[in-house]
Structures are given as C-alpha cells and as structure tokens.
Amino acid sequence: MGRRKGSIGIALVTGVLLVGASACGGGGGSDKAKGDDAKAPGKPSASSSPSPTKPAGPPMLLETITPQTGTTVGVAMPISVVFTNPVAAKARAAVEKHMKVSASQPVAGAWHWFGDRRADWRPKTYWPSGTKVKIDADMKGVTNGNGRYGVRAYTHTFTIGDDVRADVSVTGHTMKVTRNGKAVRTLSINAGSAQYPTWNGTMAVIDKQEKVHMTSCSVGISCDKGSANYYDLTLPWDVHLTQSGTYVHYSTGDPNPGSGSARGSHGCVHLSMSDAKWFFGQVKQGDPVTITGSPRAKASADNGYAAFNLDWNQWLAGSASGEGTTSAL
C-alpha cells in the first residue's frame, strides 16, 4: 500500500506532514517534494526599492525549503529548495551561489536542478552524524532570468542525527537495520509483487505518520470495487519513501510477512504489526532505506528524496556551479 497526494502533483502539505488518500504502487518518479517554509509576501514593502542597477519587476520567491529549521534529520537528507516560478538556465549559477550551505565540519557537495523550479543540495557521500548545517538563501536582488528578482533572505538550520540505515532484500524477504554502523535488528518483510514491483535504490525517508488512508484508486491501480486489486484501507505505522506512493508499513492483508508467506504488495514494504511499530520509532526524515533485488528500476532522484540514486557525476551534470565545500559554521 502507499499513497498519492495533491498540491504538487500528488501531495497536500500541512506543516511538514504529507496527508491525504494514498496507495502503494503508483507510477511517476518526478513528483516534487514539499517542505515547510511559507511563501514570502507577494510584494516588497512600500519602503523597499529595487536595486538601481536592476529593473523593477515581480518578486522571485521561494516556495519551500526542506529540512524544516530546527529539525534533526538522517545522513541521506538533501537540502531541497522549491521556487514559486521557473528559474532560467542562464540564472542558475548565480542563484546557486546565493544559496550558501555552511556546516560545522567541511562537507563536499553540490546543487542539482530537477526541472526549473526545484534545486537540491546533497553531500558527495552521506552527511557525518552530528553535523550542524545552515542554508542561507539570500535572494535579495538576485534574478531568476525571467524578469523576477528576489526581495528577501531565507535561513534554515538543522542537525544530522544518528546514522540509521535500513537495507531491504526483496528476494531475501529481510530488512536489516543498523545504527551508527552497528546491527540493531533484522526484520521479515514482503515487497512488491511481479505485477507491482517495489522501486530499487536508496530513498531517504520523507516523513512518517501513525495512520494513512490508502486506496488503490488514488494511484490508478483499480477503482473497481470488484477487482482483486481494489483496496480502501487506513493502515498504521507508515514510513513514507517516495512521492509516488511507496511506504514501509503494516498491512492487514499481509499480517505475517516473510519468505513463508511471500505475499506481494502493490509496491510497498510490509512488516508485521510489532515490527512496523518498532521501525516507525527508529527512523526519522532523511534516514536512507535501500532496496535491492526488485525487478524494477531505481526510483527517480526527485521522487521524494532519492538523491543518492544518482552517482556523483550524474549529480554534477545537473549543477550550474559544480562541486564545492561547505562554509564554516
């Protein structure tokens, strides 16, 4: 099971939780992920004035910045910035340079553009645990190359927490959970069926909810109540992996997952009730869940926060200014 959502193609955002009817197995891999930063005012204040060297024009605003300021996130969490209007290719290098990433220890990384409205910054390798991070997006006077200019600055600070990882073997029906390099538990799982296989690759946790309403109709699997693939359920202990609807969670249709039952899902990873509740309590936004052994391709890097599904050269190919090192914090 899993879910689809609404305002960005498939997501409705309230605070930092993504809510709404949803269902495992949905298609798309390019749905943008939302954050928590409210839109800036639509116009500069009456006392403000444009730079004398730049023409007056409508403002360039940031729609969201993720992670939320003050949060603790996992080692695979990118910084994701979404603009309200398109940023032209010719303006992206300058925009990147005005989105300064600082850290309490030097970290190599780069920006990468997904289309013309979303830019993510990820480290070359996972963040070191305990790192303090700050993003200063000072857009004042910066153009988007399409006649808009920034009118304000945005700042978010967050911390990288414990290095919690989950490695899922589809063929082995297991999930191995580690914390700071030490094995914690190995759980029995079932993943997607041959008809609805699970995404491969590494997906950083988007968010988690104690209950999610999941429907087959919402992801285009089936709206026919007589179909064997129809479902309309509210299920517990849901860890959200992709915007197209992949979760790790408990399913009433697969209460004892593992190689003995071998019941395929519609693309999600199923755990028993007790294991799902335990796993829910272990993970946080940005923790990497890596799935192997599925016949499906890796999830697209912008299908949630799957930045590490691109190798470093692929990541740099989408950057306007290339690799850099964080400023001192």
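Draft legend 1. Structural detail: the pattern of salt bridges. With the rule as written, the count across this model stands at 8 salt bridges. A salt bridge links Asp275 to Arg185; its shortest N-O distance comes to 2.8 Å. In this pair, Asp275 is assigned in helix α2 (residues 273–282) and Arg185 in strand β15 (residues 182–188), connecting sequence segments 90 residues apart. Judged by its relative accessible area of 11%, Asp275 is buried. Residue Asp287 is joined to Lys284 by a salt bridge in which the shortest nitrogen-to-oxygen separation is 3.0 Å. Look at Asp287 and you get buried, because its relative accessible area is 1%.

Draft legend 2. The arrangement of the state of the cysteines in detail. A full pass over the atoms with the stated rule returns 1 disulfide. Covalent S-S linkage joins Cys217 and Cys223, the inter-sulfur distance amounting to 1.9 Å. The S-S bond linking Cys217 to Cys223 shows a torsion near 80°; that makes this disulfide right-handed. Classification of Cys223 by relative accessible area gives exposed; the value is 52%.

Draft legend 3. Looking closely at the sheet that holds strand β12 (residues 153–160). Across the sheet, which stays open at both edges, the 5 strands sit in the order β5-β12-β10-β7-β23 with mixed pairing between neighbours. Of all the strands in the sheet, just β5 (72–73) and β23 (327–328) have a single pairing partner and so form its edges. By the bridge criterion, 5 bridges tie strand β7 (residues 99–103) to strand β10 (residues 132–138) in an arrangement that is antiparallel. Opposite Val101, over in β10, you have Ile135 as the bridge partner.

Draft legend 4. Spatial organisation of the sheet that holds strand β14 (residues 174–179). Spatially, the 5 strands line up as an open sheet ordered β15-β14-β13-β21-β16, and their pairing is mixed. For this open sheet the edge positions go to β15 and β16 (201–204), each flanked by a neighbour on one side alone. Geometrically, the sheet is characterised by an average inter-axis angle of 20° between neighbouring strands, direction not taken into account. Here strand β13 (residues 164–169) runs beside β14; their pairing, made up of 6 bridges, is antiparallel. Looking at β14, one finds that Arg165 is bridged to Thr178. Against the sheet, α2 engages β13, β14, β15 and β21 (288–292), with an angle of about 145° to β15.

Draft legend 5. Representation of the nonpolar core. Ranked by internal contacts, the top residues of the largest apolar core, which has 35 residues, are Ile79, Phe83, Met99 and Trp111. Of all the elements in the fold, those that place two or more residues in this core are β4 (62–66), β6 (79–83), β7, β8 (108–114), β9 (118–123), β10 and β12. In contact with Phe83, other than residues within four places in its own chain, are Met60, Leu61, Leu62, Glu63, Val95, Met99, Trp113, Arg117 and Met139. Counting 28 residues, the second-largest nonpolar core is a separate cluster that includes Val168, Ile189, Val248 and Leu271.

Draft legend 6. The environment of Arg148, seen in detail. Here Arg148 is to be found in the loop between β10 and β11 (149–150). Separated by 88 residues in sequence, Arg148 and Met60 have C-alpha atoms that sit 5.0 Å apart. With near-sequence residues (within four places) excluded, Arg148 lies in contact with Pro58, Pro59, Met60, Asn85, Val142 and Thr143. At a separation of 2.8 Å, a polar atom in the side chain of Arg148 contacts the main-chain carbonyl oxygen of Pro59. Polar side-chain contacts of Arg148 include one of 3.4 Å to the side chain of Asn85.

Draft legend 7. Seen up close, the pairing of β15. Taken together, the 6 bridges between β14 and β15 define a ladder with antiparallel strand orientation. Paired with Arg179 across the two strands is Lys182, which belongs to β15. The hairpin turn running from β14 into β15, its antiparallel successor, is 2 residues long, and Asn180 in that turn takes a positive phi close to 50°.

About the cut-offs
- Here the residue index of a chain counts from 1 through its sequence in written order.
- Two thresholds apply to this predicted model, a pLDDT of at least 70 for residue-level local features and 80 or more for giving and counting side-chain atom pairs, whereas whole-chain, interface and lining totals are computed over all residues.
- Neither water nor hydrogens contribute to the side-chain values; these are computed over all heavy atoms in the structure.
- The working definition used for a salt bridge is a side-chain nitrogen of Lys or Arg within 4 Å of a carboxyl oxygen of Asp or Glu.
- Numbering of helices and strands runs from the N terminus; a helix is a DSSP stretch of H or I covering at least four residues, while a strand is a stretch of E covering at least two.
- Relative accessibility thresholds used throughout: buried, under 20% of the residue-type maximum; exposed, over 50%; partly exposed, between the two (1.4 Å probe, protein chains only).
- Any cysteine sulfur atom paired with another within 2.5 Å is treated as part of a disulfide.
- Two strands pair under a simple rule: DSSP has to find at least two bridges between them.
- Angles shown run from 0 to 180 degrees and are taken between the N-to-C directions of axes, each axis being a line fitted to C-alpha atoms and, for helices, limited to the stretch in contact.
- Here, two residues are considered to be in contact whenever any of their heavy atoms come within 4.5 Å of each other.
- We call a set of buried residues a nonpolar core when its members are Ala, Val, Leu, Ile, Met, Phe, Trp, Tyr or Cys and they connect through side-chain atoms within 4.5 Å of each other.
- Any pair of nitrogen or oxygen atoms within 3.5 Å is treated as a polar contact; in protein, a donor-acceptor pairing is required on top of that, and neighbouring residues in sequence qualify only through side-chain atoms on both sides.

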